[in-house]
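Each chain, letter by letter, is given below.
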Amino acid sequence: MATDLRSFMDDWLNENLVAVSYPADKVPDPEAARLAEQFVAEAVGHGFTEDSARRVFGDLPTFMHKQMEAAADAEVRRLAEKDD
């Protein structure tokens, strides 16, 4: 179990972020907003505060949107390497 918020976020993203497609052009994507809400609920349940999450990661829906983009980029690279 993560003892700091950044580690908790890393673990949470590994468990909850699935690179299905790129997020919508509109920032934040509605899925990013949903992920941000889910993260806050789970983080609070583990003793972190919403305010601390905002201090560390900034606007959480925008942060999640960027994570979705990065996950999609990584998946595209993985698939391209697989085809080589």
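Here's what I pulled together on the structure shown here. Quick caveat: nothing in here was measured; it's all calculated off a predicted structure. (Residues numbered from 1 in each chain as written. Predicted model: local features only at pLDDT ≥ 70, side-chain atom pairs only at ≥ 80, totals over all residues. Heavy atoms only, no water.)

**Section: the nonpolar core**
Stage number 1. Judged by nonpolar contacts, the single largest core of 20 residues is most densely connected at Met-9, Trp-12, Leu-13, Phe-39, Phe-57, Leu-60 and Met-64.
Stage number 2. Of all the secondary structure elements, the ones that give two or more residues to this core are helix H1 (5–16), helix H2 (30–45), helix H3 (50–57) and helix H4 (60–83).
Stage number 3. With 6 residues, H2 is the largest single contributor of residues to this core. (Core = buried A, V, L, I, M, F, W, Y, C linked by side-chain atoms within 4.5 Å. Buried < 20%, exposed > 50% of the residue type's maximum accessible area, 1.4 Å probe, protein only. Helix = DSSP H or I, 4+ residues; strand = E, 2+ residues; numbered from the N terminus.)

**Examining the packing of H1 against H4**
Stage number 1. Interaxial distance between H1 and H4 falls to 12 Å at its minimum, and their mutual angle equals 55°. Our classification of the angle between H1 and H4 gives oblique. Here H1 and H4 pass one another in a crossing that is right-handed. Contacts from Met-9, Trp-12 and Leu-13 in H1 reach Leu-60, Phe-63, Met-64 and Gln-67 in H4. (Axes fitted to C-alpha atoms, helices over the stretch in contact; angles between N-to-C directions. Parallel < 35°, antiparallel > 145°, perpendicular 65-115°, else oblique. Left-handed = near helix turned anticlockwise from the far one by under 90°. Contact = heavy atoms within 4.5 Å.)

**With respect to the packing of aromatic side chains**
Stage number 1. Scanning the model with the defined rule gives 5 aromatic pairs in all.
Stage number 2. Taking 5.7 Å as the distance between ring centres and 50° as the angle between the ring planes, the aromatic pair formed by Phe-8 and Phe-39 counts as tilted. Remark: Phe-39 occurs in helix H2 and Phe-8 occurs in helix H1; sequence separation between them is 31 residues.
Stage number 3. The exposure class assigned to Phe-8 is buried, which follows from its relative accessible area of 8%.
Stage number 4. Among the residues examined, Phe-39 registers a relative accessible area of 0% and is labelled buried.
Stage number 5. By the ring-pair criterion, three or more aromatic residues cluster together here, those being Phe-8, Trp-12, Phe-39, Phe-48, Phe-57 and Phe-63. (Phe/Tyr/Trp six-rings, centres within 6.5 Å; stacked < 30°, edge-to-face > 60°.)

**Side note on H4**
Stage number 1. For H4, spanning 24 residues, the distance from its first C-alpha to its last is 35 Å, which sits close to the expected 34 Å at 1.5 Å a residue.
Stage number 2. For H4, every residue scored as buried is listed here: Leu-60, Pro-61, Phe-63, Met-64, His-65, Met-68, Ala-71 and Ala-72.
Stage number 3. If you follow the buried residues of H4, they end up packed against H1, H2 and H3. (Expected span 1.5 Å × (residues − 1).)

**Looking at a negative patch on the surface**
Stage number 1. Judged by side-chain charge, Asp-4, Asp-10, Asp-11, Glu-15 and Glu-42 come together as a negatively charged surface patch.
Stage number 2. The element best represented in the negative patch is H1, accounting for 3 residues.
Stage number 3. Following the sequence through the fold, Asp-11 ends up in helix H1. (Patch = residues over 30% accessible without salt bridge, like charges linked within 9 Å, V, L, I, M, F, W, Y side chains within 5 Å. Areas by Shrake-Rupley, 256 points an atom, 1.4 Å probe, with all protein chains shown as cover. Salt bridge = Lys/Arg side-chain N within 4 Å of Asp/Glu carboxyl O. Lys, Arg positive; Asp, Glu negative; His and termini not counted. Charge placed at Lys NZ, Arg CZ, Asp CG, Glu CD.)

**Re the pattern of salt bridges**
Stage number 1. Scanning all chains against the criterion turns up 3 salt bridges.
Stage number 2. Here Glu-50 makes a salt bridge to Arg-54, at a shortest N to O gap of 2.3 Å. In this pair, Glu-50 and Arg-54 both sit in helix H3, 4 residues apart, roughly one turn of the helix.
Stage number 3. A relative accessible area of 33% places Glu-50 in the partly exposed class.

Honestly, it's all geometry; don't read function into it.
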